[in-house]
2 protein chains.
Amino acid sequence: MADAKPERYELYYWPTIQGRGEFVRLALEEAGAEYVDVGRLSGKEGGGEDSIQGILEERRRGPRPFALPALKLGDTVLSQTGAILHWLGPRLGLAPPDEDGRAWTLELALTVADLVTEAHDAHHPIASGLYYEDQREEARRRAADVVASRIPRFMAHFEAALHENPAGSDYLVGDELTYADLSLFQLVSGLEYAFPRAMKVLSSEYPLCLALQARVAGRPRIAAYLASPRRIPFNEMGIFRHYDELDAPAR
Amino acid sequence: MADAKPERYELYYWPTIQGRGEFVRLALEEAGAEYVDVGRLSGKEGGGEDSIQGILEERRRGPRPFALPALKLGDTVLSQTGAILHWLGPRLGLAPPDEDGRAWTLELALTVADLVTEAHDAHHPIASGLYYEDQREEARRRAADVVASRIPRFMAHFEAALHENPAGSDYLVGDELTYADLSLFQLVSGLEYAFPRAMKVLSSEYPLCLALQARVAGRPRIAAYLASPRRIPFNEMGIFRHYDELDAPAR
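Predicted, not measured: the structure shown is a model, and the values here were computed from it. (Residues numbered from 1 in each chain as written. Chains lettered and ligands numbered in written order. Predicted model: local features only at pLDDT ≥ 70, side-chain atom pairs only at ≥ 80, totals over all residues.)

Visitor: Tell me about the overall build of chain A, and name the residues and values.
Guide: Secondary structure assignment for chain A yields 9 helices and 4 strands. Relative to the compact-globule value of 18 Å for 251 residues, chain A shows a C-alpha radius of gyration of 18 Å, a close match. Dimensions of chain A along its principal axes, counting C-alpha atoms only, are 70 × 45 × 35 Å. Taken over 251 residues, chain A has a buried fraction of 45%. (Helix = DSSP H or I, 4+ residues; strand = E, 2+ residues; numbered from the N terminus. Rg over C-alpha atoms; globule rule 2.2 N^0.38 Å. Buried ≥ 20, exposed ≤ 12 C-beta atoms within 10 Å, placed from the backbone.)

Visitor: So what about the interface of chain B and chain A? Which residues, and what values?
Guide: With 36 residues of chain B at the contact, the number on the chain A side is 36 residues. Every element with two or more residues in the side of chain B that touches chain A is listed here: strand S4 (76–79), helix H3 (81–92), helix H4 (99–123) and helix H5 (136–163) of chain B. For the side of chain B that touches chain A, the class distribution of residues is 15 nonpolar, 11 polar and 10 charged. (Contact = placed C-beta atoms within 7 Å. Nonpolar A, V, L, I, M, F, W, Y, C, P; charged D, E, K, R; others polar.)

Visitor: An account of the relation of the copies chain B and chain A is requested, with residue identities and associated values reported.
Guide: At an RMSD of 0.0 Å, chain B and chain A line up after a rotation of 180° and a shift of 0.0 Å along the axis. On this basis, the relationship between the two copies can be described by a two-fold rotation axis. Ranked by how close their C-alpha atoms come to the rotation axis, the residues of chain B are headed by Pro125(B), at 3.0 Å. A high fraction, 100%, of the interface residues of chain B reappear at the interface in chain A, so the copies pair face to face through one surface. (Least-squares fit on C-alpha atoms with pLDDT ≥ 70 in both.)

Visitor: Can you tell me about helix H3 (residues 81–92) of chain A, naming the residues and giving the values?
Guide: An ideal rise of 1.5 Å per residue puts 16 Å on 12 residues; H3(A) measures up with 15 Å between its terminal C-alpha atoms. What H3(A) keeps buried is the set Thr81(A), Gly82(A), Ala83(A), Ile84(A), Leu85(A), His86(A), Trp87(A), Leu88(A) and Gly89(A). (Expected span 1.5 Å × (residues − 1).)

Visitor: Can you break down the nonpolar core residue by residue, with the values?
Guide: Grouped together as the largest cluster of nonpolar side chains are 138 residues, with contacts concentrated most on Ala27(A), Leu184(A), Ala27(B) and Leu184(B). If you count residues domain by domain, this core takes at least three from each of domain 1 (9–92) and domain 2 (99–219) of chain A. The residues touching Leu184(A), leaving out its near neighbours within four places in the chain, are Val112(A), Phe158(A), Leu172(A), Cys209(A) and Leu212(A). (Core = buried A, V, L, I, M, F, W, Y, C linked by C-beta atoms within 7 Å. Domains from an automatic or database assignment.)

Visitor: An account of the environment of Gln80(A) is needed here, citing residue identities and associated values.
Guide: Checked against the element boundaries, Gln80(A) lands in the loop between strand S4 (76–79) and H3. Remark: the alpha-carbon pair of Gln80(A) and Pro69(A), spanning 11 residues in sequence, is separated by 6.8 Å. Not counting residues within four places of it along the chain, the set of residues in contact with Gln80(A) comprises Glu107(B), Leu110(B) and Thr111(B).

Visitor: How would you summarise the pairing of strand S1 (residues 9–12) of chain B if you had to cite specific residues and measurements?
Guide: On any regular strand, side chains alternate: one points to one face of the sheet, the next to the other face. Residue and element names in this part refer to chain B. On S1, burial covers both faces: Tyr9 and Leu11 on one face and Glu10 and Tyr12 on the other are all buried. Alignment of S1 against strand S2 (residues 35–37), held across 3 bridges, turns out to be parallel. Note that in S2 the partner of tyrosine 9 across the bridge is tyrosine 35. At this point the chain moves from S1, through helix H1 (residues 21–31), to the parallel S2, and the crossover so formed is right-handed. (Pairing = 2+ DSSP bridges. Right-handed = clockwise from strand over helix to strand, strands pointing away.)

Visitor: Which residues make up the sheet that holds strand S2 (residues 35–37) of chain A, and what values go with them?
Guide: All names here are of chain A. Taken together, the 4 strands give an open sheet; going across it, the order is S2-S1-S3-S4, and neighbouring strands pair in mixed fashion. The open sheet has two edge strands with one neighbour each: S2 and S4. Pairs of neighbouring strands in the sheet enclose a mean axial angle of 20°, with direction left out of account. As defined by bridge partners, strand S1 (residues 9–12) adjoins strand S3 (residues 70–73) across 3 bridges and the pair is classed as antiparallel. (Axes fitted to C-alpha atoms, helices over the stretch in contact; angles between N-to-C directions.)

Visitor: Residue-level account of the domain arrangement of chain A, with values.
Guide: All names here are of chain A. Domain assignment breaks chain A into domain 1 (9–92) and domain 2 (99–219). With centres defined by C-alpha atoms, the gap from domain 1 to domain 2 works out at 22 Å. Listed by contribution, the elements that provide at least two residues to the side of domain 1 that touches domain 2 are helix H1 (21–31) and H3. Class assignment for the residues of the side of domain 1 that touches domain 2 results in 4 nonpolar, 4 polar and 3 charged.

Visitor: Describe the environment of His157(A), with residues and values.
Guide: Take His157(A): it is sitting in helix H5 (residues 136–163). According to the C-beta neighbour criterion, His157(A) is partly exposed, with 19 such atoms within 10 Å. Along the backbone, His157(A) and Asp181(A) are 24 residues apart, and their C-alpha atoms lie at a distance of 14 Å. Residues in contact with His157(A), not counting those within four places in the same chain, are Thr111(A) and Phe66(B).

Visitor: How would you summarise H5(A) if you had to cite specific residues and measurements?
Guide: End to end, H5(A) covers 38 Å across 28 residues, agreeing with the expected 40 Å (1.5 Å per residue, within 8%). Its maximal kink placed at Val146(A), H5(A) deviates by approximately 40°. (Bend = angle between axes of the 7 residues up to and from the residue.)

Visitor: Go over unusual backbone geometry with me, naming the residues and quoting the values.
Guide: Residue and element names in this part refer to chain A. A cis amide bond links leucine 68 to the next residue, proline 69, at an omega of 10°. For proline 69, the location among the structural elements is in the loop between helix H2 (49–57) and S3. A positive phi angle is found at glutamine 80, which is not glycine, with a value near 70°.

Visitor: A description of the packing of helix H6 (residues 179–194) of chain B against helix H8 (residues 207–217) of chain B should follow, citing residues and the corresponding values.
Guide: Residues and elements named next belong to chain B. Two elements in contact, H6 and H8, have axes whose closest approach is 9 Å; the angle formed by their N-to-C orientations is 105°. By the angle between their axes, H6 is roughly perpendicular relative to H8. From H6, Asp181, Leu182, Leu184, Phe185, Val188 and Ser189 reach across to H8, where they touch Cys209, Leu212, Gln213, Val216 and Ala217. Of the residues assigned to the contact of H6 with H8, the class counts are 8 nonpolar, 2 polar and 1 charged. (Parallel < 35°, antiparallel > 145°, perpendicular 65-115°, else oblique.)

Visitor: So what's going on with the sheet that holds S2(B)? Residues and values would help.
Guide: All names here are of chain B. Pairing is mixed in the open sheet, where 4 strands are placed in the order S2-S1-S3-S4. Every interior strand has two partners, whereas the edge strands, S2 and S4, have only one. Averaged over neighbouring strand pairs, the angle between their axes works out to 20° when direction is ignored.

Following this line, the structure appears as structure tokens:
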């Protein structure tokens, strides 16, 4: 009997945070793909933290995840958010058909990922393994730079990418939604959660990004997802954390 | 008259450091590709810092670099080291033919890039825009974690990737050289420069990575490149910097 091609994606990610896994969740949700968020299953169903930890620790020939998120489809195991999205894009109808367009989509997603790392390091500038409270002073210094210099620089880039898209400013790449748009939606939403005052002050400088964020939020499948219990709320265990003292000063 | 397809790559990167541009330089050198390192040309030849800064600042429709390195070929402009390497890989014979293999190669290069960022943040944990001397105390704390926790974790991953490669342990992906191998060569070389004591202590734990590093260094085109003035020496303006106080303590 020939094996049927497996069609159900398995996402391995921490069950209590959006984190980097959210970029993959959004792509799967927008496409209406059949997938299991393994970490959020019960232990009885083969899920939970042990199960997702297991994929990092099991002995495995060939490709192996360094960290989560990881995505499985049949024998294929992928990790690194950008690589997962690039691989998923054409399968889910979330990447342009041409190679240069695909490279540009990947570039944008990797640039989103760079600011995600900086948003993380704003509250953990010394070590991921230490508590926030053990690096609070350093976090104040780092976050001040992230808010004053880094977020504006990245947001100006995404705004320019939208403004200079020859196919119009509704999407980052061409005239259809890609995973880069979903990633920018998530980035802006996370930054608004973590740094509400800073983002409010900046908001007049990137109207196209905000319009894109609203456009993505309004897509039927994304809207249904955001309203569902599958969307984990932002919280202070994730990558985007709201600590009032790290936001821009109140005016 | 039909336009001939342009065959000469233009690399845009800072002329005084290896930095992230070095991962692209190594791929072009290994392939014997015709390329110009624009930043290293004289001003008369259209090169220099102004010229490479220009590509970041010029008004441009369509894809635009957020940061350097950027690569041009005809009308194509790419940035983000991982995206550049993924795009170049098949063109230069430095990527496997199958899609899953290409995803794995990209994954490995992105994981190398993650540790490169951490190696940078070891000396600049607060802000890239500040001098090292202005974040020296924070750098000591961050570097201690990078040396004690992060480098061993990443190196264990690359060692396992070599060990568990079904095609043998000479290369990371399949049985031929890819840009992932060149990237790991550069990573290990940079870490040895920045943290010589730490890397010496750890070296018995990743013999396959060290064998790969030597194998890459011995390839005729790479050996010729490393011996040439085109290879900029490591220095304290780059990403991998040697500050004795950030290395593991002397024993």
